[in-house]
Amino acid sequence: MSEPSVTVLLPVLDEAAHIDACLESLEAQDYAGRISIVVADGGSTDGTLDHLAKWAPRLDLLVLDNPTRVQSAGLNVAVGAATGEILVRTDAHTTYAPDYIRRSVDALVTSDAVAVGGRLTPEGHSAFGEAVAAAMTSPLAIGPARFHHADTPEKVDTVYLGAFRRDDLLTLGGFRSFPSGAVEDADLYFRWRRQGRKVLLDPSIRSIYRPRETPKALARQFYRYGQGKAEMLYVNGRWPSWRPAAPLGLILAIIAFSVLGVVVGNWWPLVALAGLWAIVLAAAAISATMGLVGWLRTIGAAAIMHLAYGAGLLRGLLRRPASARRAVTSPPLTPP
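This text gives an overview of the structure that appears in the document.

## Section: unusual backbone geometry
At step 1: The phi torsion at Asp14 lies on the positive side, around 55°, for a residue other than glycine.
At step 2: On the accessibility criterion, Asp14 (32% relative accessible area) is partly exposed.

What follows is the structure, encoded as structure tokens:
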């Protein structure tokens, strides 16, 4: 029996620094079936398209325009042109083990899951990137989501990236776009799970993620994640889990205790909160192996994650629910 055909979905925007490593890992896949790659480019100006042109003779590669520049819309552009029975969602900041696609397909066709995926394994390429990667190994910094920490296959609420049947995605209507430009994956898996479908995490599906390399980029990323979680609440009526409540609680407590200090002159609650948070951050950075400076840098990365996520979530919750609901779109998908 022949292996099912696979289309890799790859949305990009200014990924010249990462695209070669990503495509090299996809070229090295040991999957026996046909693999095609559809790239949706959001208007890159850094030479990404030149890199893609060099790869075109070596891969079954189709490059399409994503005029909206939004990642979720780019994914739908790629889905609309995909011919594979199975779709593998990828990211240019990630490289993939040689058996990544094979294991993804095997897990999908041998289970009753609608989607499968592996763990997110971070690997920094700068001093700050290494600190972010260290922070992302701790539940106290990144949260307890299983795609960060699971060691055995299990049913989960979401996975990193993921693989699924094309027909299932088309039936669901594709990816939805949120005002934040984030959370389209979490929303996709939430909608499937609400239908009673199963999402499976298999840690043997291995990839390496390159985290953000500057504090500004990390803060922007996690602010968007937090805002996106608020949008998911307004659109779906609930969160997939209550994990976002922790960073939101931190932000609200900082605001409340700061007001208390200004109004009545009692700063002890804020001092106590700062002390408790410092202990949590120190524990989150315990896995850092880069000496004192690296440990402090990891504490800083974890603090940025907490504050940016909480601030983004608060900003998203303060947005009018009707505005968030109206902004969610799912571009029509037309089979090729």
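From this point, the narrative continues.
## Quick word on the packing of helix α12 (residues 268-284) against helix α13 (residues 291-318)
At step 1: Interaxial distance between α12 and α13 falls to 9 Å at its minimum, and their mutual angle equals 120°. One way to sum up the angle between α12 and α13 is to call them oblique. With respect to the hand of their crossing, α12 and α13 are arranged in right-handed fashion. Here Trp277, Val280, Leu281 and Ala282 of α12 lie close against α13, whose contacting residues are Trp295, Ile299, Ala302, Ala303, His306 and Leu307.
At step 2: Across the contact of α12 with α13, the residue classes tally to nine nonpolar, one polar and no charged.

## Some remarks on the pattern of salt bridges
At step 1: Applying the stated criterion across every chain yields a total of 12 salt bridges.
At step 2: Here Asp99 and Arg103 are joined by a salt bridge, their closest N and O atoms 2.6 Å apart.
At step 3: Taken together, the shared-partner salt bridges connect Arg89, Glu184 and Asp185 into one network.

## Quick look at the environment of Trp268
At step 1: Relative to the assigned elements, Trp268 resides in helix α12.
At step 2: When the C-alpha positions of Trp268 and Asn236 are compared, they lie 39 Å apart, and in sequence the two are 32 residues distant.

## Some words on the side chain of Thr48
At step 1: Note that Thr48 resides in helix α2 (residues 48-55).
At step 2: A distance of 2.8 Å separates the side chain of Thr48 from the backbone nitrogen of Glu15, its partner in a polar contact.
At step 3: Those residues in contact with Thr48, other than ones at most four positions away along the chain, are Val12, Asp14, Glu15, Ala16 and Asp41.

## Details of a nonpolar patch on the surface
At step 1: There is a patch of nonpolar side chains on the surface, built from Leu252, Ile255, Val259, Leu260, Val262, Val263, Val264, Trp267, Trp268 and Val271 and spanning about 1,000 Å² of accessible area.
At step 2: If you tally residues by element for the nonpolar patch, the top one is helix α11 (residues 245-264), at seven residues.
At step 3: Tracing the backbone through its elements, the reader meets Trp267 in the loop between α11 and α12.

## A short note on the pairing of strand β9 (residues 160-165)
Two faces belong to every sheet, and in a regular strand the side chains alternate between them.
At step 1: With five of its six residues buried, β9 lies for the most part within the structure.
At step 2: Bridge analysis of strand β4 (residues 86-89) against β9 gives three bridges, and the strand direction is antiparallel. Bridge assignment links Leu87 to a residue of β9, and that residue is Phe164.
At step 3: Inspection of the sheet shows strand β6 (residues 115-118) paired to β9 by three bridges, in the antiparallel sense. Counterpart to Val116 in the pairing with β9 is Ala163.

Reading the values: the criteria
- Residues numbered from 1 in each chain as written.
- Predicted model: local features only at pLDDT ≥ 70, side-chain atom pairs only at ≥ 80, totals over all residues.
- Heavy atoms only, no water.
- Buried < 20%, exposed > 50% of the residue type's maximum accessible area, 1.4 Å probe, protein only.
- Axes fitted to C-alpha atoms, helices over the stretch in contact; angles between N-to-C directions.
- Helix = DSSP H or I, 4+ residues; strand = E, 2+ residues; numbered from the N terminus.
- Parallel < 35°, antiparallel > 145°, perpendicular 65-115°, else oblique.
- Left-handed = near helix turned anticlockwise from the far one by under 90°.
- Contact = heavy atoms within 4.5 Å.
- Nonpolar A, V, L, I, M, F, W, Y, C, P; charged D, E, K, R; others polar.
- Salt bridge = Lys/Arg side-chain N within 4 Å of Asp/Glu carboxyl O.
- Polar contact = N/O pair within 3.5 Å; in protein donor to acceptor, adjacent residues only side chain to side chain.
- Patch = residues over 30% accessible without salt bridge, like charges linked within 9 Å, V, L, I, M, F, W, Y side chains within 5 Å.
- Areas by Shrake-Rupley, 256 points an atom, 1.4 Å probe, with all protein chains shown as cover.
- Pairing = 2+ DSSP bridges.

From the geometry alone we can't say anything about function, so treat these as descriptive.
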